Amino acid sequence: MTVSRALTIAGSDSGGGAGIQADLKTFQELGVFGMTAITAVTAQNTLGVQGVYPLTLEALKTQIDSVAEDLSPHAIKTGMLFNADMIRLVSQQIVHYGWENIIVDPVMVAKGGQSLLQEEADEALITSLLPLAKVITPNIPEAEVLTGMEIRTLDHRKDAAKRLVDLGAKNVMVKGGHDSTNDVVTDLLYDGHTFHLFEGERKETKHTHGTGCTFAAAITAEISKGNNVLDAIQTAKAFIQSAIEDQLGFGSGHGPTNHWAYNKRNVYR
Ligand SMILES: Nc1ncnc2c1ncn2[C@@H]1O[C@H](COP(=O)(O)OP(=O)(O)OP(=O)(O)O)[C@@H](O)[C@H]1O
Ligand SMILES: Cc1ncc(COP(=O)(O)O)c(N)n1
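Since we're looking at a predicted model, the values are computed, not measured.

What counts, and at which threshold
Residues numbered from 1 in each chain as written. Chains lettered and ligands numbered in written order. Predicted model: local features only at pLDDT ≥ 70, side-chain atom pairs only at ≥ 80, totals over all residues. Heavy atoms only, no water. 1 Å grid on protein atoms, 1.4 Å probe; cavity = no way out; pocket = protein on both sides within 12 Å on 5 of 7 lines; lining within 4 Å. Points joined across faces, edges and corners; volume = space filled by probe spheres on them. Helix = DSSP H or I, 4+ residues; strand = E, 2+ residues; numbered from the N terminus. Near = heavy atom within 4 Å. Polar contact = N/O pair within 3.5 Å; in protein donor to acceptor, adjacent residues only side chain to side chain. Areas by Shrake-Rupley, 256 points an atom, 1.4 Å probe, with all protein chains shown as cover. Sits in = over half its atoms within 2 Å of the grid points. Nonpolar A, V, L, I, M, F, W, Y, C, P; charged D, E, K, R; others polar. Axes fitted to C-alpha atoms, helices over the stretch in contact; angles between N-to-C directions. Parallel < 35°, antiparallel > 145°, perpendicular 65-115°, else oblique. Left-handed = near helix turned anticlockwise from the far one by under 90°. Contact = heavy atoms within 4.5 Å. Buried < 20%, exposed > 50% of the residue type's maximum accessible area, 1.4 Å probe, protein only. UniProt positions renumbered as here; feature names shortened; annotations may be inferred. Patch = residues over 30% accessible without salt bridge, like charges linked within 9 Å, V, L, I, M, F, W, Y side chains within 5 Å. Salt bridge = Lys/Arg side-chain N within 4 Å of Asp/Glu carboxyl O.

(A) Up close: the layout of surface pockets. Its boundaries defined by the atoms lining it, the largest pocket holds a volume of some 1100 Å³. Lining the largest pocket are 46 residues, and of these Lys111, Asn139, His178, Thr211 and Gly212 sit closest to its centre. Of all elements in the fold, only β1 (5-13), β2 (33-45), α5 (140-147), β8 (184-190), α7 (211-224) and α8 (229-245) reach the threshold of two or more residues within the lining of the largest pocket.

(B) Looking closely at the site of ligand 1. Taken together, the neighbourhood of ligand 1 is formed by 18 residues, with Lys111, Asn139, Lys175, His178 and Asp187 sitting nearest. Gly177 is positioned with one of its backbone polar atoms (N or O) 3.0 Å from an oxygen atom of ligand 1. Measuring from an oxygen atom of ligand 1, one finds a backbone N or O atom of Gly212 at 3.2 Å. For ligand 1, whose accessible area on its own is 610 Å², the fraction buried by protein is 93%. Placement of ligand 1 is best described as lying within the largest pocket. Class assignment of the residues belonging to the shell around ligand 1 gives a composition of four nonpolar, seven polar and seven charged.

(C) Region of interest: the packing of α5 against helix α6 (residues 154-166). Contact geometry of α5 with α6 gives a least axis separation of 10 Å together with a crossing angle of 50°. On the basis of the axis angle, α5 is oblique to α6. In this structure, α5 crosses over α6, and the sense of that crossing is left-handed. Contact residues: Ile140, Leu146 and Thr147 in α5; Arg157, Ala160, Arg163 and Leu164 in α6.

(D) How the structure looks around the site of ligand 2. By nearness alone, 14 residues border ligand 2, and Gly11, Gln44, Gly210, Gly212 and Cys213 come closest of all. At 2.9 Å from an oxygen atom of ligand 2 is found a main-chain nitrogen or oxygen belonging to Gly210. Notes on ligand 2: free accessible area 370 Å², of which the protein chains cover 94%. Taking a 2 Å distance to the grid points as the criterion, the majority of the atoms of ligand 2 fall inside the largest pocket. Of all elements in the fold, only β1 and α7 reach the threshold of two or more residues within the shell around ligand 2.

(E) Fine view of helix α4 (residues 122-129). In terms of residue burial, α4 counts as a mostly covered element, since six of its eight residues are buried. Considered for burial, the residues of α4 that qualify are Asp122, Ala124, Leu125, Ile126, Ser128 and Leu129.

(F) Region of interest: the UniProt feature "domain: Pyridoxamine kinase/Phosphomethylpyrimidine kinase" (unreviewed entry) in the protein. Per the UniProt record, "domain: Pyridoxamine kinase/Phosphomethylpyrimidine kinase" (unreviewed entry) is annotated on residues 13-258. Secondary structure content for residues 13-258 is 41% helix and 20% strand, and the end C-alpha separation is 15 Å.

(G) Representation of the environment of Lys162 in the model. Relative to the helices and strands, Lys162 resides in helix α6. Through-space distance from the C-alpha of Lys162 to that of Gly192 is 7.2 Å; in sequence the pair is 30 residues apart. Residues in contact with Lys162, not counting those within four places in the same chain, are Tyr190 and Phe195.

(H) Just a nonpolar patch on the surface, in detail. Together, Met1, Val3 and Phe33 give the surface a local cluster of nonpolar side chains, amounting to about 390 Å² of exposed area. Tracing the backbone shows Val3 in the segment before β1. Its relative accessible area of 38% is what places Val3 among the partly exposed residues.

(I) The arrangement of the side chain of Ser4 in detail. Following the sequence through the fold, Ser4 ends up in the segment before β1. Discounting residues that sit within four places of it in the chain, Ser4 has contacts with Val32, Phe33, His74, Ser224 and Lys225.

Below, the structure is given as structure tokens:
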């Protein structure tokens, strides 16, 4: 039996709800062996980000090499990459190892508004990493930065997705969490030919810290198993919906989602 293996290249969240921690919990829940290359350590809780401590480029490169040379990941997720040099390094490593199952979550800003990516790094994200992505998962503000266009409607999101495919991403998932105009949350996927909508009931809650990381990690886990992008997103959507609905409810700010809710539902259904 081949054990599916996924690598996450991202920042550490001491609060455990986002970043590397969310990714590993999600991989584990979906039966995938998780590995990590840490870009930065953040001091974070549900109230915000109290500190960001980037690792050196050498530390990041050596972690990726160690995993690549012995453990052969089947899919790779990127999250918080902190600056342009790290983005370029990660892109070079992806090309060097010939990795194709790349899921890019273009993390820019934390829930509380603190920046997790230096502003001048946007260009490196667009030119170096985006063309390597099998799937890129921007939220609406991230899609606005990446395309330079204002996004107010679903049609705007479709235009943005088309632009990101033109820039080289194979599949673009523009998430709808930030569009609170509706009782239904709609995520939009463009695969270069067709638009696909993934809908879920909007839960009125402030406990959504790490939704983006968790969703992209679930897509990565499913792709590492050999599933196609559409099936992977279908499972990821069910996973994040359960994680948001089954609230943990702790922390005075934006609390984490429940990473074990999906399996709890499946076991006790
Ligand atoms: N209140 C909600 N109820 C149901 N689903 C939600 C809600 N908020 C976000 N989602 C879902 O969670 C996933 C992540 O979407 P979102 O747009 O929130 O990403 P994100 O902005 O990167 O995350 P974050 O806001 O935590 O940084 C999507 O599938 C989205 O539809
Ligand atoms: C280390 C780290 N990485 C990413 C995010 C964004 O989290 P998300 O967009 O999933 O809420 C975060 N808050 N901290």
